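An overview of the molecular structure
One-letter residues, chain by chain:
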Amino acid sequence: MDLRVLQYFLAVAKEGNITRAADALHLTQPTLSRQLKELEEELGVVLFDRGNRKISLTDAGVLFQQRAAELVALLDKTRRELSEQEDLLGGVVSIGCVESKASLLLPGLLSAFHKEYPQVRYDLYSAIGDDIKEKLDRGVLDLGILIEPVEVAKYDYRRLPVRDRWGVVLTCGHPLAEKGEISLDQLARLPLNLPRREIVQEEISSWFAGQGPKLQALHYHSLLTNSLPWPRRAMPIPSA
C-alpha cells in the first residue's frame, strides 16, 4: 500500500468532496477517484458512501481513517528524527500521560533535558491508560505515564515519587457533602460517574466486596475534567 494513497484518502475524508480534495492535492478528479477505488479493492471494503455532492465515511472508512492518520504521523515523526540525527541528538519524543499529579513533573524534567539536548522536540498526548498502552504497543508513543492499577509486565517501567488520591465529587447541597467521612455503604447507594477503564472499575468494586448493595454506575468517563460538571446538573439525590 502506497503512503501517497493514504494521504489521498485522508484528504478526501477531510474535505468530504472529491473535487475539492483533488484541487488541494493538485490531481485530476478521475485520477483521485481511481486511486480511491483501487484502495477499496485492495482492502476489500467500501470506505465511502458516495452522494451527488458529498461523500461520507462508512464505518470501515472511519476505522481506516484513524489507522491511516497514525501511520502517516508515525512516518512523519521518523522522517523528522532521521533528518535531525547529525551532529546533535535530536528528534521528537512522544509522551502519553493520564490525568495525574505526575504530569506536574514533566515541565521541570523536559526543561532540564532540553538544556542538554536542545534539538529534541516533544509531542504530549493526554488520554486514559488503555489508549496510551495501545499507542505504546504500536510505537506511536515513546513512553507513557500511567496510574495504577495497570498491567506493566511487558514494559520497562519505573514508579514515580507521586501518589494520587481517590476522591468523591459532590454538589455543595448534597446530604453527604458536609459529613466528615462517607462510608462504603453510603457511597454504594449513590448514582456514580465511574472511570471507563475496566481494570479501574474492578479495583473500585473490590473495595465494596461484601458491603451489600452493588455500585450504581450512572455513566462512565475517560477524562475526569470532562465529567466534573455532571454533579452540578439536576440529578436525583437519593437519601443518605
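Further up the page is the structure itself.
Rules behind the numbers
- The written sequence of each chain sets the order in which its residues are numbered from 1.
- For this predicted model, a pLDDT threshold of at least 70 governs which residues receive local features, and a threshold of 80 or more governs which side-chain atom pairs are given and counted, while totals over whole chains, interfaces and linings are taken from all residues.
- As a convention, hydrogens and water are excluded, and side-chain values are obtained from all of the structure's heavy atoms.
- Segments assigned H or I by DSSP are reported as helices when at least four residues long, segments assigned E as strands when at least two residues long, and all are numbered from the N terminus.
- Burial classes: relative accessible area under 20% of the type maximum marks a residue as buried, over 50% as exposed, and values in between as partly exposed (1.4 Å probe, protein chains only).
- Polar contact is the term for a pair of N or O atoms within 3.5 Å; when the atoms are in protein, one must be able to donate a hydrogen and the other to accept it, and sequence-neighboring residues count only if both atoms are side-chain atoms.
- Every residue pair with non-hydrogen atoms within 4.5 Å of one another is taken to be in contact.
- Each nonpolar core is a collection of buried residues, namely Ala, Val, Leu, Ile, Met, Phe, Trp, Tyr and Cys, held together in the definition by side-chain atoms within 4.5 Å.

Note that Thr58 resides in the loop between strand S2 (55-57) and helix H4 (59-84). The exposure class assigned to Thr58 is buried, which follows from its relative accessible area of 12%. At 2.6 Å, the side chain of Thr58 forms a polar contact with the backbone oxygen of Val46. Not counting the four nearest positions on each side in its chain, Thr58 is found in contact with Val46, Leu47, Phe48 and Asp49.

With that settled, consider the nonpolar core. Phe9, Val12, Leu32, Leu36, Phe48 and Phe64 are the most contacted members of the largest nonpolar core, which has 19 residues in total. Only helix H1 (3-15), helix H2 (18-25), helix H3 (29-43) and H4 provide two or more residues apiece to this core. Top element by residues in this core is H1. It accounts for 7 residues. Excluding its chain neighbours within four sequence positions, the residues that come into contact with Phe64 are Met1, Leu6, Phe9, Leu39, Leu43 and Leu47. With 9 residues, the next largest nonpolar core counts Leu187, Leu190, Leu192 and Val200 among its residues.

Here the focus is unusual backbone geometry. Residues other than glycine seldom take positive phi values, yet His26 does so here, at roughly 60 degrees. Of the residues examined, His26 reaches a relative accessible area of 73% and is grouped as exposed.

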